[in-house]
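# Coordinates in review
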Amino acid sequence: MIVKTNRFLLIYSIFLLLSPLYAQEDQNEYLDILKTSLNKLNEAYVDSINNDELIKSGIHGMLKPLDPYTKLLVGSSKDKLDMLRRGKYSGVGIQIGNIYDTLTVLNIFEDSPAYSEGLSIGDQIMIIDSTETKGMKISEIVKLIKGEKGSEVVLHIRRPHTKERIEITLARADVSINDVPYYGIDENAIGYIRIT
């Protein structure tokens, strides 16, 4: 029996519950024990439990004895890996960041919708569709800009050097990321490599 107010008894009970792991050979039984442990924690632990975080912690613990390159990637981490692995993603082709608390275009990928529509490095994105960007996290902004291929997003831009305010409609597309967009040797035999 697990007592809600006593963490030691709870941990001890879970340890007793997990101890048959060492004697059992059937992997399905291990999964059943893991599921039972999670249910017992939800029923009897003294505080509320975030099941998602608990399960992720369990997966991280399972991977810990392996090599340092075996990791659990979810959400934006997985998206970044997919982008690096495939060299493309579905979006408008810009790299963004906050400069003095203002969302700013830091880079534009060649042959992207943003490149074709004349977006410039240094442009400040004030509104995305009807959502103001001030005070938002970059991860939230990326979710607004990325989307299904062929769908449209409207960026309300302020150009700092001209004080001009413009509205640009971009159709999301597959954006290819070329790691080495340029390499060459000039007339003085000096080699140049541009790395993205």
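In this convention, every chain numbers its residues from 1, walking through the sequence in written order. In keeping with the predicted nature of the model, local features appear solely for residues at pLDDT of at least 70, side-chain atom pairs appear and are counted solely at 80 or more, and the whole-chain, interface and lining totals rest on all residues. For the side-chain quantities, the full set of heavy atoms in the structure was used; hydrogens and water were omitted.

## Focus: the nonpolar core
Here is the rule we go by: Each nonpolar core is a collection of buried residues, namely Ala, Val, Leu, Ile, Met, Phe, Trp, Tyr and Cys, held together in the definition by side-chain atoms within 4.5 Å. When accessible area is computed with a 1.4 Å probe and restricted to protein chains, residues below 20% of their type maximum are described as buried, those above 50% as exposed, and intermediate ones as partly exposed. Under the DSSP-based scheme used, a helix requires at least four consecutive residues in state H or I and a strand at least two consecutive residues in state E, with every element numbered from the N terminus. Note on definitions: a residue-residue contact is assigned when non-hydrogen atoms from the two residues lie within 4.5 Å.
Counting 18 residues, the largest nonpolar core has I94, L119, I125, I128 and L155 as the members making the most contacts within it. For this core, the secondary-structure elements that each account for two or more residues are β2 (94–99), β3 (102–108), β4 (124–128), α6 (138–145), β6 (152–159) and β7 (164–171). With near-sequence residues (within four places) excluded, L119 lies in contact with I94, V105, I108, A114, L155, I157, R159 and I168.

## Section: the pattern of salt bridges
Any two side chains of opposite charge can pair if their charged atoms end up close together. Counted only if it meets this: A pairing counts as a salt bridge when a side-chain nitrogen of Lys or Arg comes within 4 Å of a carboxyl oxygen of Asp or Glu.
Counted by the stated rule, this structure contains four salt bridges. R194 serves as the salt-bridge partner of E110, at 2.8 Å between the closest nitrogen and oxygen. A residue pair is termed long-range when its members are at least 10 positions apart, and E110 in the loop between β3 and α5 (113–116) and R194 in strand β10 (residues 191–194) qualify at 84 residues. A salt bridge links D123 to R159; the nearest nitrogen and oxygen atoms lie 2.7 Å apart. Of the two residues, D123 is situated in the loop between α5 and β4 and R159 in strand β6; the sequence distance between them amounts to 36 residues. A single burial state applies to D123 and to R159, both of which are buried.

## Let's talk about helix α3 (residues 51–63)
Defined as follows: What a helix is expected to span follows from its residue count: subtract one and scale by 1.5 Å. Whenever a nitrogen or oxygen atom comes within 3.5 Å of another N or O atom, the pair is scored as a polar contact, on the condition that within protein one atom can donate a hydrogen and the other can accept it, and that pairs from neighbouring residues in sequence are kept only if both atoms are in side chains.
Its 13 residues place the ends of α3 18 Å apart at the C-alpha level, agreeing with the 18 Å of an ideal helix rising 1.5 Å per residue. By the N-cap criterion, in which a side-chain oxygen at the helix start approaches the backbone nitrogen of a residue two or three places on, α3 is capped by N50, the distance to D52 being 3.1 Å.

## A look at the pairing of β7
What counts is decided by this rule: By this definition, two strands are paired if DSSP reports at least two bridges between them.
In this structure, β6 lies alongside β7, joined through eight bridges in antiparallel fashion. Considered in β7, the bridge of R159 is made with E164. Count of turn residues in the β6/β7 antiparallel hairpin: four residues, of which K163 carries a positive phi of about 60 degrees.

## Structural notes on a nonpolar patch on the surface
Formally: Residues enter a patch when their relative accessible area is above 30% and they make no salt bridge; the linking distance is 9 Å between like charges and 5 Å between nonpolar side chains (Val, Leu, Ile, Met, Phe, Trp, Tyr). Per-residue and other accessible areas follow the Shrake-Rupley method at a 1.4 Å probe size, with only the shown protein chains counted as cover for residues.
On the surface, a nonpolar cluster with roughly 490 Å² of combined accessible area is contributed by V180, Y183, I193 and I195. If you trace the backbone, I195 turns up in the segment after β10. Classification of I195 as exposed rests on a relative accessible area of 67%.

## Brief notes about the confidence of the model for the chain
Note the threshold: Each residue carries a pLDDT value, the predictor's own confidence for that position, ranging from 0 to 100.
Per-residue confidence for the chain gives a mean pLDDT of 79; residues scoring 70 or more make up 79%. The least confident element of the chain, judged by mean pLDDT, is helix α1 (residues 7–18) at 44; the most confident is β4 at 94. This model gives residues 1–17 a pLDDT under 50, and the stretch forms 22 contacts once residues within four places in sequence are excluded.

## Observations regarding the side chain of N107
Relative to the helices and strands, N107 resides in strand β3. Sequence-distant contacts of N107, defined by excluding residues within four places in its chain, comprise G93, I94, Q95 and I121.

## Things to note about the environment of I49
Inspection of the secondary structure assignment puts I49 in the loop between α2 (27–44) and α3. Using a relative accessible area of 25% as the deciding quantity, one classes I49 as partly exposed. For the pair I49 and L38, spaced eleven residues apart in sequence, the C-alpha to C-alpha distance is 9.6 Å. Discounting residues that sit within four places of it in the chain, I49 has contacts with L41, N42 and L54.

## Focus: the side chain of S112
Tracing the chain through its elements places S112 in the loop between β3 and α5. Taking the relative accessible area as the measure of exposure, S112 reaches 1% and is therefore buried. Residue contacts for S112: discarding those within four places in its chain leaves V92, G93 and V175.

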